[in-house]
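Here is what each chain is made of, one letter per residue.
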There are 2 protein chains.
Amino acid sequence: MDEFIKQLASSAPVPGGGGAGAVIGSIGAALCSMVANLTSGKKKYEAYQADIDVVLERTASSLQNLLALAEKDAEVFGPLSKAYGIPKDDPGRDEILEAALAAACAVPLEIMEEIESITDILSILSEKGTKLAVSDVGVAASAFRSAAESAALNVYINTKLMKNRDLAEKANKKAETILNKAVPACEKIYIQVKESLK
Amino acid sequence: MDEFIKQLASSAPVPGGGGAGAVIGSIGAALCSMVANLTSGKKKYEAYQADIDVVLERTASSLQNLLALAEKDAEVFGPLSKAYGIPKDDPGRDEILEAALAAACAVPLEIMEEIESITDILSILSEKGTKLAVSDVGVAASAFRSAAESAALNVYINTKLMKNRDLAEKANKKAETILNKAVPACEKIYIQVKESLK
């Protein structure tokens, strides 16, 4: 963990904000998994065991996907950085840069889709998860929100430079649509958990 | 990193949501450090070098503090968990539990103070940091917000059970005050970065 943070803090090209957002999302998924693990097998919650099993399966998969996307984000940065380095008068520059930008904004969009697909778990856990870990559901909600916001910024910084405005607008719209759905969903759970604790 | 996430996802008592929030904060501090490192020594930003040096120093220290607080959060959980295990009719239970709860809510309060002390760096970087990494400033803002929210929930879940309501109310008020300051400050930078990219 310290090693990742140290690398992130340096001027090394990767990891950057895109990967950081995916890691924040994986922290959220891990917390959901933890709450499900703490609920699983408890007599008090046995009526929910089937739901909890589904949560365990989905969070395990989501967590792996998000960590893989953090790595993929680092992989697409190399070609992008190289494309920026091509002299501006090189006739091949535009095409190569355009492809690198498209790849670089596809990864945060995938992160957003992953976050979108997992946010419903928050309400399952806030309803059916052990009450002893309710604060962790709120932390997961806050982390998912941050992951979605972080990924959105990484879509926009890449689409901003794209010459293919159709593709750029399509990607921006997709990001905005997910953001408009995921942020209020996360905020709702966070507020609900906060109110329940005060 | 994978190891931390795996541990977090398990039913192991630590790390939990408190430590996770501190790690999210350290990711934000690391991104601020990265932006400062990418700005430092660049001719275009030489007028800001003194500010950037201060940012580098402050983020390095904050990052270490937050990682240390993540560990400290794990350390105070042991005694708290043990205190919960004391039979309810044990006459010594209340005092031991009360002390463990006080220790367990002191750590997230320290996390909040650290986040509060570092959020002004976001506006320094959004003004004076390299524009190439502006999205990373936005991601850091979103991460600081999530760290503050996460820590607040971990204050509330511990104060809720405290018998000493004066101490509990004082801790809650401190958390709420920092939250009311840090969240809008982070939100402002996030929105500003987002608007600049669209």
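Scroll up a little and you will see the structure.
The text that follows walks through the structure, step by step, so that each part is easy to find. Keep in mind the model is a prediction, meaning the values are calculated, not measured.

What follows is about the overall build of chain A. Helix and strand content of chain A: seven helices and zero strands. N-terminal to C-terminal, the α/β element order of chain A is α-α-α-α-α-α-α. For chain A, the spread of C-alpha atoms along the three principal axes comes to 70 × 35 × 30 Å. Within the span of chain A, comprising 198 residues, buried residues form 56% of the whole. Residue pairs in contact within chain A that sit at least 24 positions apart in sequence constitute 75% of those at least 6 positions apart. As displayed, chain A has an accessible area near 8,500 Å², and 57% of this comes from carbon and sulfur atoms.

Least-squares fitting of chain B to chain A yields an RMSD of 0.0 Å, with the transformation described by 0.0 Å of translation along the axis and a rotation of 180°. Such a combination of rotation and displacement between the chain copies is what one expects of a two-fold axis. Relative to the rotation axis, the closest C-alpha in chain B is found at Met-1 of chain B, a distance of 2.1 Å. Most of the interface of chain B is mirrored in chain A: 100% of its interface residues are interface residues there too.

What follows is about the interface of chain B and chain A. Frequently, the measure chosen for interface size is the accessible area that the parts lose on association. Across the boundary between the two partners, chain B contributes 50 residues, which contact 50 residues of chain A. Between chain B and chain A, the buried area comes to about 4,400 Å², and carbon and sulfur atoms account for 68% of it. Of all residues in chain B, Met-1, Leu-153 and Leu-197 of chain B give up the largest surface area on contact with chain A, accounting jointly for 15% of the area buried on that side. Where chain B meets chain A, there are six salt bridges. Between Arg-145 of chain B and Glu-187 of chain A there is a salt bridge, with the nearest N and O atoms lying 3.8 Å from each other. Across the contact surface, chain B and chain A share 18 residue pairs in polar contact (both at pLDDT 80 or more). Those elements giving two or more residues to the side of chain B that touches chain A turn out to be helix 1 (2–9), helix 2 (17–39), helix 3 (49–85), helix 6 (134–159) and helix 7 (165–197) of chain B.

Among the nonpolar cores identified, the biggest contains 142 residues, and Ile-27 of chain A together with Ile-27 of chain B are the most heavily contacted of them. When near neighbours in sequence (up to four residues on either side) are disregarded, Ile-27 of chain A contacts Phe-4, Ile-5, Leu-8, Ala-20, Val-23, Ile-24 and Ile-27 of chain B.

Turning our attention to the packing of aromatic side chains. Think of a pair of aromatic rings as described by two things: how far the centres are apart, and how the planes are tilted against each other in angle. Counting across every chain of the model gives zero aromatic pairs over all chains. In this structure, Lys-198 of chain A packs its charged tip against the face of Tyr-156 of chain B, placed 4.9 Å from the ring centre.

Cut-offs used in this document
Residues numbered from 1 in each chain as written. Chains lettered and ligands numbered in written order. Predicted model: local features only at pLDDT ≥ 70, side-chain atom pairs only at ≥ 80, totals over all residues. Heavy atoms only, no water. Helix = DSSP H or I, 4+ residues; strand = E, 2+ residues; numbered from the N terminus. Buried < 20%, exposed > 50% of the residue type's maximum accessible area, 1.4 Å probe, protein only. Contact = heavy atoms within 4.5 Å. Areas by Shrake-Rupley, 256 points an atom, 1.4 Å probe, with all protein chains shown as cover. Least-squares fit on C-alpha atoms with pLDDT ≥ 70 in both. Buried area = accessible area lost by both parts, 1.4 Å probe. Salt bridge = Lys/Arg side-chain N within 4 Å of Asp/Glu carboxyl O. Polar contact = N/O pair within 3.5 Å; in protein donor to acceptor, adjacent residues only side chain to side chain. Core = buried A, V, L, I, M, F, W, Y, C linked by side-chain atoms within 4.5 Å. Phe/Tyr/Trp six-rings, centres within 6.5 Å; stacked < 30°, edge-to-face > 60°. Lys NZ or Arg CZ within 6 Å of the ring centre and 35° of its normal.

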